[in-house]
Amino acid sequence: MDVTRREFLKSTAAASAMMAIGGAFSPAEAKGQKVDQWVKGVCRFCGTGCGVMVGVKDGKVITVKGDPNNHNQGFLCLKGALMPPIIYAKERVTEPLIRKDGKLVPATWDEALDLTASKFREAIDKHGPESVAYYGSGQALTEETYLASKIFKAGLKSNNVDGNPRLCMASAVGGYVTTFGKDEPCGSFDDIENATCFFLIGTNTSECHPVLFKKIAARKEANPNVKVIVVDPRKTNTARIADVHVSFRPGTDLAILNSMAYVIIKEELDDYRFHSKYVTFMGNDKTKSDFEGYKKFLEDYTPEKVEKLSGVPAETIVKIAKIFAESSATMSMWCMGLNQRIRGVWANNLTSNLHLLTGHIGKPGATPFSLTGQPNACGGVRDTGGLSHLLPAGRVIKKQEHRNEMEELWDIPKDTINPKPGYHTIAMFTALGEGKIKALLLLTTNPAHSLPNVNKYTKAMSRKDNFICLIEAFSDAETMKYADVVLPPAFWCEREGVFGCSERRYSLISKAIEPPGQCRPSVNILVDLAKRIGVDPKLVPYKNSADVWDEWRRVARPTPYNFWGITRERLRKESGILWPCPTEDHPGTNIRYVRGKDPNIPEDHPDKYHFYGKPDGRAVIWFRPYKGAAEEPDAEYPFVLTTGRVIDHWHTGTMTMKVPELKRSFSYAFVEINDQDAKKMGINNGDKVLLETRRDKMTFEAKVSDVCRPGLVFVPWYDAKLMINKLTKDAFDPGSKQPEFKICATKVSKV
Ligand SMILES: Nc1nc2c(c(=O)[nH]1)N[C@H]1C(S)=C(S)[C@@H](COP(=O)(O)OP(=O)(O)OC[C@H]3O[C@@H](n4cnc5c(=O)[nH]c(N)nc54)[C@H](O)[C@@H]3O)O[C@H]1N2
Ligand SMILES: Nc1nc2c(c(=O)[nH]1)N[C@H]1C(S)=C(S)[C@@H](COP(=O)(O)OP(=O)(O)OC[C@H]3O[C@@H](n4cnc5c(=O)[nH]c(N)nc54)[C@H](O)[C@@H]3O)O[C@H]1N2
Ligand code: SF4
Ligand SMILES: [Mo]
């Protein structure tokens, strides 16, 4: 399906009309309203990390427009532009609450903090530090996550620190670390301006990263030779601008990626000079192999064999492999379609394999690039080590030298950080259900809605003998039902702090307005709570988030994450800087692992590329076999259920459901079903359809279209009243521990 220029313009015009507002346009200004002040910040929503200018009048935010100096060049999507009503929603939590006789009632800060502290203290004293836990978010500030992680790991000696990036980015982390030795992408958004082939796999970019999609579409529009390949079992809005849309049996993309490698080698399109010098070939059992061994491994993945497995015609596999390899610069992007899988790490490895095989890496426009979902999963959680197996800046709990280094930096006695990694997300909520976790602190996340197989975990949260403290901005969040104490946070631009988006870019959210009622910045809440639990005040000497930032810079400085040069002063002046950035006069880094571009590589290094995360400086091509999903469809549950997003809503809907324009366009969840399947079952648009999985059942309105392939149904997960996570499965990747939200088996019937 080579799209003609006319078709292309038609579909991008339709897509961008609903997707991006440019020229730093402000709806309020257009209506003639004048602001007193524009304050620089970052969008609250996705990992695109658009810079925003917040328009304040009489101490209130009246409008938001794109920051022309940040990477988004003044563009925002609708969600980003429609923030003001969310800030002033009547559901804002503005005072501390304590549960009494089953009901949350107002309390003073002292009462709420003292009660929380006593519950944590009691749990630690009676059951040890492993009985307390923190569950955070890629939407919390960098300073908040760094601080929470330090309080728990250094102060309370509990490594039970995890967060929603486990549901989101863990497989990308696992992929980068196993392939390159270090987390975070090699390239940057700048590559979009130079790529001649976009390989979009498992990403609905047009709805989930709209401003990046706009850049891709603009690049293609200006250069008709630029090719777009979309690999997704749904014909999404993203697929509508594709030259080739590859639809396949969900999960079989592992085999498709191997088959592409097979074709690339067979057609002699690999870059032998590159991979013979810079790549190690590695069997799945971690035994070292070589190029011949790789060729042998790939014999199981001829296009003909993979056609049978995946449903993709062999000639399509050959075609996309050639486009990928023959383009002058190929940029792959992926997101949850690859990560939320029990083979998520492997899917990440296999995508990077294609870049290492063809040398499409480290050149402008040529790079593997994982899209981050949340605005601060990279900078906030992955970088600061806010997961149960990590310490700050790429250090890991398991390595004694890393623990000792952190003990020195944190000025705590040697060998006092617990050497055992804590609970990852699913293990944490399982432990809560088993009574092993007695006190849990939740920040900027809504697990009673977002966890897979959620009935199991809300039951865990309902246990009478555990204590849950939730820091939450909106009273209608599902998790409120399970909280014993709720603390009111300052929201978004009501406090200052840093977000780090998909491309290693750190940008500052400046404080624009005062928080309402008794809301306080979470950094201050955490410091106060830590002291009351009994953490040594010397460990938390901060007055504000800027103090925490300076410590975090110091902690990262001796590592390849070095961003010593990104001072608070620079962040205030500039609109985002990419690390590594070792000195104050360093401009930031667009391309990693290349001499002369990456400040971590000495100028006189003998080789052009140096993958310094690996001892031998070589990246790894892994031989990852095809393995199916945890729950494949069968005679009893014949359909695949997949879940994901729509452009207008953010996650559990607590924010976007407050914006009338967004709520109106999608007021409730639906089931998207293939038109041929619908016809067979006599299902028409708007009919009620029952979905039943091995966990639960639920009725949705049908949306019949050609988006899903036959045998597949899709349900968006934003609707708290139709909570699809009651039906999803909580199987997870054995390496990354990320759950398989993208595939489970379901029955489908007309009601
Ligand atoms: N509007 C909006 N934007 C968002 C968010 C939001 O809630 N709303 N959330 C943000 C966050 S945190 C995240 S993580 C991102 C998610 O961004 P995306 O990953 O782009 O979004 P999803 O809809 O979760 O899933 C992407 C695609 O994966 C496909 N898929 C399903 N199964 C498979 C498979 O087996 N293989 C492949 N290759 N693809 C498969 C689905 O059909 C779907 O189109 O979006 C971010 N941006
Ligand atoms: N079925 C299915 N489930 C999924 C996914 C999927 O694709 N399918 N995707 C998964 C992914 S990728 C992700 S990232 C997770 C996200 O899952 P969650 O993090 O649980 O979802 P959110 O709705 O973003 O939750 C954020 C919460 O923080 C609150 N909040 C907003 N701002 C602030 C603030 O400034 N301070 C505080 N304290 N609270 C605030 C919001 O009101 C909301 O309740 O969901 C996962 N769940
Ligand atoms: S693309 Fe993402 S970061 Fe940019 S305005 Fe939209 S939601 Fe915000
Ligand atoms: Mo996510």
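Use the structure listed above.
The model shown is predicted, which means the values in this text are computed figures rather than measured ones.

Rules behind the numbers
- Residues numbered from 1 in each chain as written.
- Chains lettered and ligands numbered in written order.
- Predicted model: local features only at pLDDT ≥ 70, side-chain atom pairs only at ≥ 80, totals over all residues.
- Heavy atoms only, no water.
- Near = heavy atom within 4 Å.
- Polar contact = N/O pair within 3.5 Å; in protein donor to acceptor, adjacent residues only side chain to side chain.
- Areas by Shrake-Rupley, 256 points an atom, 1.4 Å probe, with all protein chains shown as cover.
- Helix = DSSP H or I, 4+ residues; strand = E, 2+ residues; numbered from the N terminus.
- Nonpolar A, V, L, I, M, F, W, Y, C, P; charged D, E, K, R; others polar.
- Domains from an automatic or database assignment.
- 1 Å grid on protein atoms, 1.4 Å probe; cavity = no way out; pocket = protein on both sides within 12 Å on 5 of 7 lines; lining within 4 Å.
- Sits in = over half its atoms within 2 Å of the grid points.
- Points joined across faces, edges and corners; volume = space filled by probe spheres on them.
- Pairing = 2+ DSSP bridges.
- Axes fitted to C-alpha atoms, helices over the stretch in contact; angles between N-to-C directions.
- Contact = heavy atoms within 4.5 Å.
- Parallel < 35°, antiparallel > 145°, perpendicular 65-115°, else oblique.
- Left-handed = near helix turned anticlockwise from the far one by under 90°.
- Expected span 1.5 Å × (residues − 1).
- Buried < 20%, exposed > 50% of the residue type's maximum accessible area, 1.4 Å probe, protein only.

## Brief notes about the site of ligand 1
Piece 1. In the vicinity of ligand 1 there are 34 residues, among which Asp232, Asp253, Met336, Arg645 and His649 approach most closely.
Piece 2. The separation between a nitrogen atom of ligand 1 and a polar side-chain atom of lysine 79 is 3.2 Å.
Piece 3. Valine 231 places a polar main-chain atom, nitrogen or oxygen, 3.5 Å from a nitrogen atom of ligand 1.
Piece 4. Within the complex, the protein chains bury 100% of what would otherwise be the 910 Å² of accessible surface of ligand 1.
Piece 5. Those elements that place two or more of their residues in the shell around ligand 1 are helix 8 (205-208), helix 15 (336-339) and strand 22 (639-644).
Piece 6. When its residues are assigned to classes, the shell around ligand 1 shows 14 nonpolar, 12 polar and 8 charged.
Piece 7. The residue makeup of the shell around ligand 1 includes at least three contributed by each of domain 3 (170-370) and domain 4 (639-728).

## Overview of the site of ligand 3
Piece 1. In the vicinity of ligand 3, the contacting residues are Cys43, Phe45, Cys46, Thr48, Gly49, Cys50, Leu76, Cys77, Lys79, Gly80, Pro210 and Val211.
Piece 2. Judged by its atoms lying within 2 Å of the grid points, ligand 3 is housed in the second largest cavity.
Piece 3. Put simply, the parts of the chain that give the shell around ligand 3 at least two residues each are helix 3 (78-81) and helix 9 (210-222).
Piece 4. Residues that form the shell around ligand 3 fall into these classes: 8 nonpolar, 3 polar and 1 charged.

## Notes on the layout of surface pockets
Piece 1. Approximately 350 Å³ is the volume found for the second largest pocket.
Piece 2. For the second largest pocket, the lining is made up of 18 residues, of which Asp476, Met657, Asp719, Ala720 and Lys721 are closest to its centre.
Piece 3. Here the lining of the second largest pocket is composed, by residue class, of 5 nonpolar, 6 polar and 7 charged.
Piece 4. Counting contributing residues, the lining of the second largest pocket receives three or more from each of domain 2 (97-164 + 376-497 + 512-540) and domain 4 (639-728).

## What to know about the sheet that holds strand 8 (residues 197-201)
Piece 1. If you walk across this open sheet you meet the 5 strands as 10-9-8-13-14, and the pairing is parallel. The outermost strands of the open sheet, each flanked by one partner alone, are strand 10 (244-246) and strand 14 (367-370). Averaged over all pairs of adjacent strands, the angle between strand axes in this sheet comes to 15°, irrespective of strand direction.
Piece 2. Here strand 13 (residues 330-334) runs beside strand 14; their pairing, made up of 4 bridges, is parallel. Note that in strand 14 the partner of methionine 333 across the bridge is phenylalanine 369.
Piece 3. Sitting on the sheet, helix 14 (residues 314-326) touches strand 8, strand 9 (227-231), strand 10 and strand 13, and the angle it makes with strand 10 is about 125°.

## A word on the packing of helix 19 (residues 425-433) against helix 21 (residues 454-462)
Helix-helix packing is described using two parameters, namely the angle between the two axes and the distance between the axes.
Piece 1. It is the contact of helix 19 with helix 21, at a shortest axis distance of 7 Å, that shows an interaxial angle of 50°. Considering the angle they form, helix 19 stands oblique to helix 21. By crossing handedness, the relation of helix 19 to helix 21 is classed as left-handed. On helix 21, the residues that touch Ile426, Phe429, Thr430, Leu432 and Gly433 of helix 19 are Lys456, Tyr457, Ala460 and Met461.
Piece 2. Partitioning the contact of helix 19 with helix 21 into residue classes produces 6 nonpolar, 2 polar and 1 charged.

## A closer look at empty space enclosed by the protein
A water-sized probe rolled over the atoms picks out the places where empty space is left.
Piece 1. Per the stated rule, a full pass over the model turns up 7 cavities of 30 Å³ or more.
Piece 2. Approximately 90 Å³ is the volume found for the second largest cavity.
Piece 3. For the second largest cavity, the full set of lining residues is Cys43, Phe45, Cys46, Thr48, Gly49, Cys50, Leu76, Cys77, Lys79, Gly80, Pro210 and Val211.
Piece 4. Secondary-structure elements contributing two or more residues to the lining of the second largest cavity are helix 3 and helix 9.
Piece 5. Of the residues that constitute the lining of the second largest cavity, the class distribution is 8 nonpolar, 3 polar and 1 charged.

## Looking at helix 14
Piece 1. Along its 13 residues, helix 14 runs 18 Å from first to last C-alpha, staying within 8% of the 18 Å computed at 1.5 Å per residue.
Piece 2. Along helix 14, the residues that are buried comprise Ala314, Thr316, Ile317, Ile320, Ala321, Ile323, Phe324 and Ala325.

Worth remembering: the numbers are spatial, not functional.
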